[in-house]
Each structure stands twice: as structure tokens, then as C-alpha cells.
Amino acid sequence: MKFCPQCQSNNIVKSGIVNERQRYKCKACNYFFTVNKLGKRIDQYYVTKALQLYLEGLSYREIERILGISHVSVMNWVRKYNIQKVQNSDVHPTYKILSQTELGKYFSSEENTRGSGMIVTELGDKFMVIKWERFKE
Ligand SMILES: [Zn+2]
């Protein structure tokens, strides 16, 4: 799993070795980066995303599937940061992963926004819409 630290695109190619580290080039934004630098940025970005999703009620397995991060890592972060999830088995959010264009279309339809709260979070080069429908009959 590799993403560009600048634009989060996964459209990257190997581009030589610099100081004994693999260098990569992002084909989306032409940014060059090495693995070590990448690793640090990825951690900060994905720790936050994983914990956000965890708090929104997604299971470890779902977070693993969405972010491509081992559920063991996510469990470790939850422990490390002492994240306490509100227990509520009745409510489970539904979510969609949309591109910028799809996101615009989604919000332009009143049907999609009426009667439910939503959280939008950046996810790589896409967006995740987490929708709450708990107040609907
Ligand atoms: Zn990039």
C-alpha cells in the first residue's frame, strides 16, 4: 500500500534509488518521494482516518477493507490513544465512497440529504460519506 504524501494518489511508479532508499514518483502530481518519508506521512494520515471511522461505529474489519490497513494496526492505535467508542448496537452508519464529481452530484439531490446527518471525510483521492439515519422512522 503506497500513496503519494502530497496528493494521496496511489498512481505512483518507482523512480530510482536515492541514498539507499527507493524513490517514487507520483504520476498524478509529479511529486518525488522516498519510502521513509512516505511512511511517516502515511501513519499520521491513516491513524486519524482509522480512528475517525472507528468512532463512527465501523468495525475493525470494515476499516481494514476501506483503508487497506491491518485490523491489528487499528486495534493498536485504538489502545494507544485510548479511544472509547460509545456503545450503541442499534445504530450503524451507512457509508459510500465517492469521487469529487460523484460527491457533487450526491449533495445536489435533496433526496440524499433530507432527514439524515452526514460526515464527509477525505479518503485518499476520494471522499467517504458516512450517513446517519437514526432519526428516521
Ligand atoms: Zn501526488
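This text goes with the structure placed above it.
First, a word on scope: everything that follows refers to the structure included in this document. (Residues numbered from 1 in each chain as written. Predicted model: local features only at pLDDT ≥ 70, side-chain atom pairs only at ≥ 80, totals over all residues.)

Quick notes on the overall build of the protein chain
Here is step 1 of the chain: A count of helical and extended segments in the protein chain gives five helices and six strands.
Here is step 2 of the chain: For the protein chain, the succession of helices and strands along the chain, N to C, is β-β-β-α-α-α-β-α-α-β-β.
Here is step 3 of the chain: Expressed as a percentage of the 137 residues in the protein chain, the buried residues total 14%.
Here is step 4 of the chain: Sequence-distant contacts in the protein chain: of pairs separated by 6 or more residues, those separated by 24 or more amount to 42%. (Helix = DSSP H or I, 4+ residues; strand = E, 2+ residues; numbered from the N terminus. Buried ≥ 20, exposed ≤ 12 C-beta atoms within 10 Å, placed from the backbone. Contact = placed C-beta atoms within 7 Å.)

Overview of the nonpolar core
Here is step 1 of the chain: In terms of nonpolar packing, the biggest core is built from nine residues, these being Y46, A50, L53, Y54, L58, I63, L67, I69 and V74.
Here is step 2 of the chain: Elements with a minimum of two residues in this core: helix 1 (35-55) and helix 2 (60-67).
Here is step 3 of the chain: Looking at which element gives the most residues to this core, the answer is helix 1, with four residues.
Here is step 4 of the chain: Excluding its chain neighbours within four sequence positions, the residues that come into contact with L67 are Y46, K49 and A50.
Here is step 5 of the chain: With five residues, the next largest nonpolar core counts F3, C4, Y24 and C26 among its residues. (Core = buried A, V, L, I, M, F, W, Y, C linked by C-beta atoms within 7 Å.)

Points about unusual backbone geometry
Here is step 1 of the chain: With a phi close to 70 degrees, Q8 is a non-glycine residue in the positive phi region.
Here is step 2 of the chain: Assignment of secondary structure puts Q8 in the segment before strand 1 (12-18).
Here is step 3 of the chain: Taking the C-beta count within 10 Å as the criterion, Q8 has 18 such neighbours and is therefore assigned partly exposed.
Here is step 4 of the chain: A positive phi angle, near 50 degrees, is found at N82, a position not held by glycine.
Here is step 5 of the chain: Positionally, N82 belongs in the loop between helix 3 (71-80) and strand 4 (94-98).

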